[in-house]
Amino acid sequence: MPTPVIAVSHLRKTYGSTVAVDDVSLEVHEGEIFGLIGPNGAGKTTTMECVEGHRKPDSGRITVLGLDPLRDASALRQRIGVQHQEAHLHKRIKVWEAVDLWSTLYSRTVDTADLLNRLGLDTKRNAWFMTLSGGQKQRLFVALALIHDPEVVFLDELTTGLDPQARRVIWSLVTDIRSKGKTVILSTHLMEEAERLCDRVAIIEHGRVVEVGTPLELVEKHCPERRVVFTSESAGVADRFKAALGDHSVASDGATYTLQGEGEDFVTDVIHVLARQGIRIRGFRTEVPSLEDVFLKLTGHGIRD
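Computed from a prediction, not measured in an experiment: that's the story for all the values here.

Quick notes on the rules
Residues numbered from 1 in each chain as written. Predicted model: local features only at pLDDT ≥ 70, side-chain atom pairs only at ≥ 80, totals over all residues. Heavy atoms only, no water. Salt bridge = Lys/Arg side-chain N within 4 Å of Asp/Glu carboxyl O. Buried < 20%, exposed > 50% of the residue type's maximum accessible area, 1.4 Å probe, protein only. Patch = residues over 30% accessible without salt bridge, like charges linked within 9 Å, V, L, I, M, F, W, Y side chains within 5 Å. Areas by Shrake-Rupley, 256 points an atom, 1.4 Å probe, with all protein chains shown as cover. Helix = DSSP H or I, 4+ residues; strand = E, 2+ residues; numbered from the N terminus. Pairing = 2+ DSSP bridges. Axes fitted to C-alpha atoms, helices over the stretch in contact; angles between N-to-C directions. Core = buried A, V, L, I, M, F, W, Y, C linked by side-chain atoms within 4.5 Å. Contact = heavy atoms within 4.5 Å.

Q: Any chance you could explain the pattern of salt bridges here in plain terms?
A: Opposite charge on two side chains lets them pair, provided their charged atoms get close. Enumeration according to the criterion identifies 20 salt bridges in this entry. The shortest N-O distance in the salt bridge between glutamate 49 and arginine 55 comes to 2.4 Å. Looking at glutamate 49, the relative accessible area reads 18%, which means it is buried. Taking the relative accessible area as the measure of exposure, arginine 55 reaches 34% and is therefore partly exposed.

Structure, rendered in structure tokens:
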């Protein structure tokens, strides 16, 4: 296996009697989008801040691009880009002024005009920060994180508070960053966001890593169940399915039937039975578990509890 871009081993960080991060270990590989997922207060932001070198851990070992985030802070700062969850700018700073200011912090920068154009901010160059929409502010923070063409990009709760349309614009930007060969590590409490963007995720709860894997791997491992729901006026539907599929669960509510089973072929098997038996249906749909279901099963509560 190639050397990971980010390696975290037994990371621990406390604030007085509060344990924010408790023995976290993980690896992030080159060119992937890696997600830290969990509810607010789970330890995601603290973990990222330690990896970025913005907080000193109590114990553990961290390397980013082969560098120590604290000892090699100056060298690392030139190679990583960071978008902070609670980032703020002066309300009357203009977009181009913020970009120019950030450019002075690095030894080399990208074409800033092209960067703003790619992020859809070219028409906002002369706009004050306070006049930007939530999505435009987030895109500006992404621009500031990318201004020096970093190898690794950190994005913390990037789309919190955005409307669905603005969120999808940001998602497109993140996949575009990865397509240019960058490594992205992001934190989010939005399971749909993690499923859409991340190659792999680490589920964090109470400062600990509960599970790591691709979204699909985690769903198949912990929630292999599949459900098919349809409506039919045909006679004996439940009995016919029990006879054809054996132990698969069949429940009915009037003319609406719910079939539950496991495996990739379950839905196909249900369709084959419908065809062979000549059962006429309406409103056929499948229900596949998500990362939200995985989180619930592993932690005993939902992401928003």
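Back to the text.
Q: Quick question: what am I supposed to make of a nonpolar patch on the surface here?
A: Residues Ile271, Ile281 and Phe284 make up a contiguous nonpolar surface patch of about 220 Å² in total accessible area. Along the chain, the position of isoleucine 271 falls in helix α10 (residues 266-277). Among the residues examined, isoleucine 271 registers a relative accessible area of 42% and is labelled partly exposed.

Q: Looking at this model, I keep getting lost on the sheet that holds strand β13 (residues 282-287). Mind explaining?
A: Backbone-to-backbone hydrogen bonds pair the strands of a sheet. The strands run either parallel or antiparallel. Judged by pairing direction, the sheet is antiparallel, and its 4 strands sit side by side in the order β11-β12-β10-β13 without closing on themselves. The outermost strands of the open sheet, each flanked by one partner alone, are β11 (249-253) and β13. Strand-to-strand twist across the sheet, computed as the mean angle between neighbouring axes with direction ignored, equals 15°. Direction of pairing for strand β10 (residues 225-231) relative to β13: antiparallel, over a ladder of 4 bridges.

Q: Explanation requested: the nonpolar core in the structure shown.
A: Looking at soluble globular proteins, one finds that nonpolar side chains tend to be buried together. Grouped together as the largest cluster of nonpolar side chains are 46 residues, with contacts concentrated most on Leu89, Leu140, Val174 and Leu186. Those residues in contact with leucine 186 that sit more than four places away from it in its chain are Ile33, Phe34, Gly35, Leu36, Met48, Leu155, Val174, Leu197 and Cys198. In terms of nonpolar packing, the next biggest core, distinct from the first, is built from 26 residues, Leu26, Leu67, Ile80 and Val152 among them.

Q: What's the story with helix α1 (residues 44-52) in this structure? I'm lost.
A: Each full turn of the α-helix corresponds to 3.6 residues, which orients residues three or four apart in the same direction. Judged by how many residues are buried, α1 sits mostly within the fold: 8 of 9 residues are covered. Within α1, burial applies to Lys44, Thr46, Thr47, Met48, Glu49, Cys50, Val51 and Glu52. Phi turns positive, to about 90°, at glycine 53, one or two residues after α1.

Q: Whenever I open this one, the sheet that holds strand β7 (residues 183-188) confuses me. Can you help?
A: Taken in spatial order, the 6 strands make up an open sheet running β5-β6-β7-β3-β8-β9, and their pairing is mixed. Only two strands of the sheet have a single partner each, and these edge strands are β5 (80-83) and β9 (208-213). Looking at each pair of strands side by side, their axes are set apart by 15° on average, direction ignored. With 5 bridges connecting them, strand β6 (residues 152-156) and β7 associate as parallel partners. Each residue of the ladder has a partner; that of leucine 155, found in β7, is leucine 186. Seen against the sheet, α1 touches β3 (33-37), β5, β6, β7 and β8 (200-205) and runs at an angle of roughly 155° to β6. The strands touched by helix α5 (residues 134-146) are β5 and β6; relative to β5, the strand with the most contacts, the crossing angle is about 160°.

It is worth stressing that arrangement in space is one thing and function is another; only the former is reported here.
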